[in-house]
Number of protein chains: 2
Amino acid sequence: MGQPDITAAERDAVYKTIFGRRDIRKHFTAEPIPVAMLGRILKAAHHAGSVGYMQPWSFIVVDDVGVKARVRESFLREREAAAEKFDAERREKYLSYKLEGILESPLNICVTCDRNRIPGEVIGRNSMRETDVYSTVCAVQNLWLAARAENIGVGWVSILNRQDLHEILNIPPKHVIVAYLCLGYVSEFPEIPELEAAGWRSRLPLEDLVYFNQWNGKLPEIYRELAAALKD
Amino acid sequence: MGQPDITAAERDAVYKTIFGRRDIRKHFTAEPIPVAMLGRILKAAHHAGSVGYMQPWSFIVVDDVGVKARVRESFLREREAAAEKFDAERREKYLSYKLEGILESPLNICVTCDRNRIPGEVIGRNSMRETDVYSTVCAVQNLWLAARAENIGVGWVSILNRQDLHEILNIPPKHVIVAYLCLGYVSEFPEIPELEAAGWRSRLPLEDLVYFNQWNGKLPEIYRELAAALKD
């Protein structure tokens, strides 16, 4: 009964994928993604958990150059608007970064959440209403990791105007736009996340982010070994 | 330069983990989670992508029985309130389901999002402000999959009052509570998701959830093979 165990070798493959996942912007190649591979990646997304088994996600796969070009125009407008919020030094850096690969990547995928997918009450959504959108983000993360496992890079473009996307892709207003992703083969998966390599920010020490039994609660003695593990 | 490729065997291990992940409520055993394993699982969460490299997450690990008991009281109150929303037949079913393993699982983990983790403007968050919370959900999904790869079950308890959790765990108001998770070894990982096995809802056909180039856009001829793949 039930599923077979995951072996140690399989576990290590999962960690290799999780630690090797990157937000890809500038390493896309034009090589097309095989259709069967795209099917596997979408199926991985569809197998995320969801509150009340809602499966509230939809996926719009975009390969049309005209559609991509309109999305990129939205990106450029939003980037310009965001640049104004930084001080001069950071603004220059911000504008020098390559932050999306909308046109270079062979496929884009817009992921949406249908908050009304189920008629009537949704089991488990009464207290934390946002859990349907959270479920959709879980699907995005599954997609991202499945793509990495296929050696396909994914870049999440958040510098986009939702209203623009509703119009460009004809998405009905009641569907929440959760993510706009660029997918493609890459010339390389960088060892270090790009914003870290560029000196924008560093990875935070994990041991500062873990508490015990309450906010700011210190590690009990029996977990001393954990403190060492978190420092690695 | 860059990372080594993921092999086909490693890819298959990732899919085995993604497709084998379950929301665990009733199969927890009392066996403690090894400390080094917990460290690996938290590290996997910490390696999620995040908007502007914010890493906005914090983790409160709970093993104290008194704390867990107070959390469970919040669950019971919320479950009662939610039951009123269902019609009589579904209410009876709803109340008969085991929807959490707060006390039986050796560890609970509350995951929060600090929307002010970075002083000043966050790169990439100007247009879609919620992406910091979405990043935290990505960390939750990494945690969930890493746990599955370690043969550790995770249950996401969404039937909880956020204000109760703020009080029980002393979480400052400005931190957003994203998830409350139960972790432990399991007697089995069920083959079929529990709400599906119980006849509450079925898995939706994936081919109905995938569009091309616009909402409701049909699959182009070159993707005919994909339609077949999505039906599997």
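The rules behind the values
Residues numbered from 1 in each chain as written. Chains lettered and ligands numbered in written order. Predicted model: local features only at pLDDT ≥ 70, side-chain atom pairs only at ≥ 80, totals over all residues. Helix = DSSP H or I, 4+ residues; strand = E, 2+ residues; numbered from the N terminus. Buried ≥ 20, exposed ≤ 12 C-beta atoms within 10 Å, placed from the backbone. Contact = placed C-beta atoms within 7 Å. Pairing = 2+ DSSP bridges. Axes fitted to C-alpha atoms, helices over the stretch in contact; angles between N-to-C directions. Core = buried A, V, L, I, M, F, W, Y, C linked by C-beta atoms within 7 Å. Domains from an automatic or database assignment. Least-squares fit on C-alpha atoms with pLDDT ≥ 70 in both.

**Q** Describe the overall build of chain A, listing the residues and the values that go with them.
**A** Each helix and strand in chain A was counted, giving 8 helices and 5 strands. The linear arrangement of helices and strands in chain A, starting from the amino end, is α-α-β-α-α-β-α-β-α-β-α-β-α. Each of the three principal axes of chain A carries a C-alpha extent, and together these read 60 × 50 × 35 Å. For chain A, buried positions account for 47% of its 232 residues. Expressed as a percentage of contacts within chain A between residues at least 6 apart in sequence, the contacts between residues at least 24 apart total 83%.

**Q** Can you lay out the sheet that holds strand β4 (residues 175-185) of chain B for me, pointing to particular residues and giving the numbers?
**A** With mixed pairing, the 5 strands of this open sheet are ordered in space as β5(A)-β1(B)-β2(B)-β4(B)-β3(B). The sheet terminates laterally at β5 (210-212) of chain A together with β3 (152-156) of chain B, the two strands that pair on one side only. Each neighbouring strand pair of the sheet contributes to a mean axis angle of 25 degrees, computed without reference to strand direction.

**Q** Give a description of the nonpolar core that names residues and reports values.
**A** A:F59, A:V111, B:F59 and B:V111 are the most contacted members of the largest nonpolar core, which totals 124 residues. Not counting residues within four places of it along the chain, the set of residues in contact with A:F59 comprises A:L42, A:A45, A:I109, A:V111, B:L209 and B:V210.

**Q** Quick rundown of unusual backbone geometry? Include the residues and the values.
**A** Residues other than glycine seldom take positive phi values, yet A:N170 does so here, at roughly 55 degrees. Tracing the sequence through the fold places A:N170 in the loop between α6 (162-169) and β4 (175-185). In this model, B:N213 sits at a positive phi of 70 degrees, which is unusual for a non-glycine residue. Among the residues examined, B:N213 registers 19 C-beta atoms within 10 Å and is labelled partly exposed.

**Q** Talk me through the domain arrangement of chain A; I want residue IDs and the actual numbers.
**A** Split by domain assignment, chain A resolves into domain 1 (13-201) and domain 2 (204-232). The C-alpha-based centres of domain 1 of chain A and domain 2 of chain A are spaced at 32 Å.

**Q** An account of the pairing of strand β1 (residues 57-62) of chain A is needed here, citing residue identities and associated values.
**A** For a regular strand, side chains alternate in direction, first toward one face of the sheet and then toward the other. The buried count for β1(A) comes to 6 of 6 residues, which makes it a mostly enclosed element. The alternating pattern of β1(A) places A:W57, A:F59 and A:V61 on one face and A:S58, A:I60 and A:V62 on the opposite face, and all of these are buried. Across 6 bridges, β1(A) lies against strand β2 (residues 107-114) of chain A in antiparallel orientation. Counted as the bridge partner of A:I60 is A:C110 from β2(A). Examined bridge by bridge, β1(A) and strand β5 (residues 210-212) of chain B share 3 bridges and lie parallel to one another. Each bridged residue has a counterpart across the sheet, and for A:V61 the counterpart in β5(B) is B:F212.

**Q** Break down the relation of the copies chain B and chain A for me, citing the residues and quoting the values.
**A** Two copies of a chain can be linked by a rotation about an axis combined with a shift along that same axis. When chain B is fitted onto chain A, the two copies agree to an RMSD of 0.0 Å after a turn of 180 degrees and an axial shift of 0.0 Å. The relationship between the two copies is best expressed as a two-fold rotation axis. Nearest to the rotation axis, the C-alpha of B:V14 is located 2.6 Å from it, this being the minimum over chain B. Of all interface residues in chain B, 100% are interface residues in chain A too; the two copies therefore contact each other through one and the same surface.

**Q** Now, about the pairing of strand β3 (residues 152-156) of chain A: what can you tell me, with residues and values included?
**A** All names here are of chain A. Where burial is concerned, most of β3 is hidden: 5 out of the 5 residues are buried. Here β3 shows a buried face lined by I152, V154 and W156 and a second buried face lined by G153 and G155. In the sheet, β3 pairs with β4 via 5 bridges, with the strands oriented antiparallel. Directly across from G153, in β4, lies its bridge partner G184.

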